[in-house]
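The chain contents come next:
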Amino acid sequence: MTDEAVTQDLQFLTGSRHRGRILEELCDEALRPTELCDRVDATRTTIQRILAGFRERTWVEKRDGRYRATVTGRRIDERYRALRTTVERADRFAPLATHLGELGAHLPPEAFETGRITAASDQDPLAAVDRIVEWLEASDGGHIQTATPIVARSFNETVASLLEDDLRVDMVIDRGVLEQSATAFETALERGQDHDQVSVSVAPEPLADGLMVRDDSAGIAGYDETNNVRAVLVSEDEAVISWARERFETIESRSRPLRDVLSETTISDE
């Protein structure tokens, strides 16, 4: 089969909203054209024309006045449904995908199947930030691992209050966060060095995405060019949690303890 013929068949299937629906119906059971009229919002003439096109491509066969999908037709239907699902998910995840860096390229498929997206909008510009705060607050008394390319007062204040309830935090930041913390968040920086329940490391290169993981869920956050949180995905799927934990541990293994970095030089000297 030539590429041109394949393209023509694809265009035939996708060229009408009725064709995929009719093929799906015929995969479920054999039907007469009049029965298809009751299930599909199309005229009998349109349905007959579509059925003729399906028979020409051997996607359906006619027996005793009824049409049924062939093995080929069922395979086409299965793949078409999968493609539709992929396109729908891509549209739903666009607010996050637009802003993801390297980590986004390695997201497991389970993230797209089970993840829930919270995106900032003109009407609610802090929606993603609020979702991260909610996630942090739900970590009360647990253990979180997080890598972040930004520092925010709301995050610092939430973590500080949770530390009083025995939250344990392993965090990786980059130089940009370190510099900003030194000038605007000195208390948080001191806590990163001295608190028994906090471990902070500094990545050797800028972080592009935010990552957070605990025993029951994991998330990834995307940022715009000015480091505003634009969207966050949170999933409770075990595969996503395992992926996030492995990614965090890889990032952390390449990073250096905050105390060691600060002991070598002061931020103001750089």
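As the structure is a computational prediction, the values presented were derived from the model and not from experiment. (Residues numbered from 1 in each chain as written. Predicted model: local features only at pLDDT ≥ 70, side-chain atom pairs only at ≥ 80, totals over all residues. Heavy atoms only, no water.)

Asker: Just checking my understanding: could you explain the packing of aromatic side chains for this structure?
Answerer: Any two aromatic rings considered together are summarised by their centre-to-centre distance and by the angle between their planes. As enumerated under the stated definition, the model contains four aromatic pairs in all. On the numbers, 5.8 Å between centres and 40 degrees between planes, the contact of Phe54 with Trp59 is tilted. Take Trp59: its relative accessible area is 5%, and that puts it in the buried class. Joined through ring pairs, the aromatic side chains of Phe12, Phe54 and Trp59 make up one cluster. The ring of Phe12 carries Arg19 above its face, with NZ or CZ at 4.4 Å from the centroid. Directly above the aromatic system of Trp135 lies the positively charged group of Arg214, at a separation of 4.5 Å from the ring centroid. (Phe/Tyr/Trp six-rings, centres within 6.5 Å; stacked < 30°, edge-to-face > 60°. Buried < 20%, exposed > 50% of the residue type's maximum accessible area, 1.4 Å probe, protein only. Lys NZ or Arg CZ within 6 Å of the ring centre and 35° of its normal.)

Asker: Is there a simple way to explain the pairing of strand S8 (residues 217-223) in this structure?
Answerer: On any regular strand, side chains alternate: one points to one face of the sheet, the next to the other face. Among the seven residues that make up S8, seven are buried, leaving the element largely enclosed by the rest of the structure. In terms of strand pairing, strand S7 (residues 210-214) meets S8 through five bridges, oriented antiparallel. Bridge pairing links Gly210 to Ala221 in S8. What sits between S7 and S8 in their antiparallel hairpin is a turn of two residues. Across six bridges, the pairing between S8 and strand S9 (residues 229-235) is antiparallel. Pairing of Gly222 across the sheet is with Ala231, part of S9. Linking two consecutive strands that pair antiparallel, namely S8 and S9, is a turn of five residues; a positive phi of about 65 degrees is found at Asn227 within it. (Helix = DSSP H or I, 4+ residues; strand = E, 2+ residues; numbered from the N terminus. Pairing = 2+ DSSP bridges.)

Asker: Just checking my understanding: could you explain empty space enclosed by the protein for this structure?
Answerer: A water-sized probe, rolled over the atoms, reveals where empty space remains. For the structure shown, the criterion picks out one cavity of 30 Å³ or more. In this structure, the largest cavity occupies an estimated 470 Å³ of space. Taken together, 32 residues make up the lining of the largest cavity; nearest its centre are Thr148, Phe155, Asn156, Met171 and Ile173. Considered class by class, the residues forming the lining of the largest cavity number 24 nonpolar, seven polar and one charged. (1 Å grid on protein atoms, 1.4 Å probe; cavity = no way out; pocket = protein on both sides within 12 Å on 5 of 7 lines; lining within 4 Å. Points joined across faces, edges and corners; volume = space filled by probe spheres on them. Nonpolar A, V, L, I, M, F, W, Y, C, P; charged D, E, K, R; others polar.)

Asker: I keep staring at the packing of helix H2 (residues 17-28) against helix H5 (residues 71-97) and nothing clicks. Help me out?
Answerer: For any two helices packed against each other, the geometry is given by the interaxial angle and the distance between the axes. Packing of H2 against H5 brings their axes to within 10 Å, and their N-to-C directions diverge by 125 degrees. By the angle class used here, H2 and H5 are oblique. Judged by the sense of rotation from one axis to the other, the crossing of H2 with H5 is left-handed. Two secondary-structure elements touch here, H2 through Gly20, Leu23, Glu24, Leu26, Cys27 and Asp28 and H5 through Gly73, Arg74, Ile76, Asp77, Tyr80 and Arg81. For the contact of H2 with H5, the residue count by class is five nonpolar, two polar and five charged. (Axes fitted to C-alpha atoms, helices over the stretch in contact; angles between N-to-C directions. Parallel < 35°, antiparallel > 145°, perpendicular 65-115°, else oblique. Left-handed = near helix turned anticlockwise from the far one by under 90°. Contact = heavy atoms within 4.5 Å.)

Asker: What exactly am I supposed to notice about the sheet that holds S8 here?
Answerer: Backbone-to-backbone hydrogen bonds join strands into a sheet, with any given pair of strands oriented parallel or antiparallel. On the basis of which strands lie adjacent, the open sheet formed by eight strands has the order S3-S9-S8-S7-S4-S5-S6-S10 and mixed pairing. Two strands in the sheet have a free side with no partner beyond their single neighbour: strand S3 (116-119) and strand S10 (256-257). Examined bridge by bridge, strand S6 (residues 198-202) and S10 share two bridges and lie antiparallel to one another. Residue Val202 lies in a different strand from S10, and its bridge partner there is Arg256. Relative to S9, helix H7 (residues 127-137) is tilted by about 40 degrees, and along the sheet it contacts S3, strand S4 (143-148), S7, S8 and S9.

Asker: What should I look at first to understand the side chain of His18 in this one?
Answerer: Of note, His18 is situated in helix H2. The class of His18 is buried, set by a relative accessible area of 12%. Among the polar contacts listed, one links the side chain of His18 to the backbone oxygen of Asp41, at a separation of 3.3 Å. Sequence-distant contacts of His18, that is, excluding residues within four places in its chain, are made with Val40, Asp41, Ala42, Thr46 and Ile50. (Polar contact = N/O pair within 3.5 Å; in protein donor to acceptor, adjacent residues only side chain to side chain.)

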